[in-house]
Amino acid sequence: MLISHRVEGDALRVTLHRNLDVTTRAAATLAIEVLVRAHKPRSLVLRIPLEEPTPATLSAVGRARRMCASLGIPLDLTGATPQAQRLFAANPA
């Protein structure tokens, strides 16, 4: 299983169970978009694996972030290394 999700109140929580590569990035990105559009959450919490994220994982996070920004939905990134958290915080959508 690539991703899982659950809804908690107005928040959609999506977990990436492993780092993505070029063959799984598009599928994960599409799945996240479908979940957001289906559930219409007030916020998205995206948990990524604890190890250093791959470029494909960072790309999927960036795409999710841009989608959420366009829809006015705040996105919180969890499970990331401190370096990934700094990169996420330093590069707004």
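Right, let's walk through the structure included here. Everything numeric here is computed off the predicted structure, so don't read it as measured data.

Each helix and strand counted, the protein chain has three helices and four strands in total. Counting from the amino terminus, the protein chain carries its helices and strands in the arrangement β-β-α-β-α-β-α. The C-alpha atoms of the protein chain give 12 Å as radius of gyration, which agrees with the globular expectation for 93 residues (12 Å, within 12%). Expressed along its principal axes, the backbone C-alpha trace of the protein chain runs to roughly 30 × 30 × 20 Å. A burial count over the protein chain gives 43% of its 93 residues as buried. Partitioning the contacts of the protein chain with sequence separation of at least 6, the portion at a separation of at least 24 is 69%. Here the protein chain has roughly 5300 Å² of accessible surface; of this, 56% comes from carbon and sulfur atoms. On the protein chain, the mean spot of the 12 positive side-chain charges and the mean spot of the 7 negative ones are 4 Å from each other.

Take the sheet that holds strand S2 (residues 11–16) next. The sheet built from four strands is open, its strands ordered S1-S2-S3-S4 with mixed pairing. Both outer strands of the open sheet, strand S1 (3–8) and strand S4 (75–78), are each paired with one neighbouring strand and no more. Going across the sheet, the axis of each strand differs from the next one's by a mean of 20°, ignoring polarity. By the bridge criterion, six bridges tie S1 to S2 in an arrangement that is antiparallel. Looking at S2, one finds that arginine 6 is bridged to arginine 13. Running over the sheet, helix H2 (residues 55–71) touches S2, strand S3 (43–47) and S4 and is turned about 160° from S4.

About the criteria used
- Residues numbered from 1 in each chain as written.
- Predicted model: local features only at pLDDT ≥ 70, side-chain atom pairs only at ≥ 80, totals over all residues.
- Heavy atoms only, no water.
- Helix = DSSP H or I, 4+ residues; strand = E, 2+ residues; numbered from the N terminus.
- Rg over C-alpha atoms; globule rule 2.2 N^0.38 Å.
- Buried < 20%, exposed > 50% of the residue type's maximum accessible area, 1.4 Å probe, protein only.
- Contact = heavy atoms within 4.5 Å.
- Areas by Shrake-Rupley, 256 points an atom, 1.4 Å probe, with all protein chains shown as cover.
- Lys, Arg positive; Asp, Glu negative; His and termini not counted.
- Charge placed at Lys NZ, Arg CZ, Asp CG, Glu CD.
- Pairing = 2+ DSSP bridges.
- Axes fitted to C-alpha atoms, helices over the stretch in contact; angles between N-to-C directions.

Everything listed here is a matter of coordinates, which is why it stays silent on function.
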